[in-house]
Amino acid sequence: MKIDQETVTFEDIGHWEELAKRALGQSDAVFDCSGVRNADSALLALILKWLQQAQQQKLQAKIVNLPEGMWSLAKLYGVRELIRPYCEKTSTAQI
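The text that follows walks through the structure, step by step, so that each part is easy to find. Source: prediction; values computed, not measured.

A few words on the pattern of salt bridges. Under the defined criterion, the tally for this structure stands at five salt bridges. For Lys 62, the salt bridge identified is with Glu 88, shortest N-O distance 4.0 Å. Here Lys 62 is found in strand E4 (residues 62-64), whereas its partner Glu 88 is found in strand E5 (residues 87-88), with 26 residues between them in sequence. Assessed through its relative accessible area of 30%, Lys 62 is described here as partly exposed. Given a relative accessible area of 33%, Glu 88 falls into the partly exposed group. In this structure, the salt-bridge partner of Arg 84 is Glu 81, at a minimum N-O distance of 3.4 Å.

Given below as structure tokens:
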């Protein structure tokens, strides 16, 4: 599933939650954040929920191009090391 919205906030998260649910239903366990430049903690919460559901379905979860701001939030909420193993960058930036 690719999020192609530049800014994702609490107001948008219901839409993305539904798409994430559909993607997992089709065994799509890639959460692609390439289009996201800004997001609030709602996106981080969605990623954690999606990751848990993917694991329950025994899918190989992958989070692609998590925005830098999400790394700061993940650190703040103490979940950075939880999501790190599932993350990869397709650009030259380091995780």
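The next subject is the sheet that holds E4. Sheet architecture is open: three strands sit in the order E2-E4-E5, paired in parallel fashion. Two strands lie at the open edges of the sheet, namely strand E2 (30-32) and E5, each paired on one side alone. Across three bridges, E2 lies against E4 in parallel orientation. Its bridge partner lying in E4, Phe 31 is registered against Ile 63.

Time to look at the state of the cysteines. In the structure shown here, the tally under the stated rule is zero disulfides. Here Cys 33 stays free of any disulfide, with the sulfur of Cys 87 as its closest cysteine sulfur at 8.1 Å. Taking the relative accessible area as the measure of exposure, Cys 87 reaches 13% and is therefore buried.

Conventions we followed
- Each residue is numbered by its place in its chain's sequence as written, counting from 1.
- Per-residue local features are limited, in this predicted model, to residues with pLDDT of at least 70; the limit for side-chain atom pairs, both in listing and counting, is 80 or more; totals at the level of whole chains, interfaces and linings are taken over all residues.
- Where side-chain values are given, they derive from all heavy atoms of the structure, hydrogens and water being excluded.
- Take a side-chain nitrogen of Lys or Arg and a carboxyl oxygen of Asp or Glu: if they are within 4 Å of each other, that pair is a salt bridge.
- Secondary structure elements are defined from DSSP: runs of H or I of at least 4 residues count as helices, runs of E of at least 2 residues count as strands, and each element is numbered from the N terminus.
- In this scheme, a residue with accessible area under 20% of its type's maximum is buried, one over 50% is exposed, and one in between is partly exposed, where area comes from a 1.4 Å probe on protein chains only.
- Strand pairing requires that DSSP identify at least two bridges connecting the strands.
- Any pair of cysteine sulfurs within 2.5 Å is marked as a disulfide.

In short, geometric facts, not functional conclusions.
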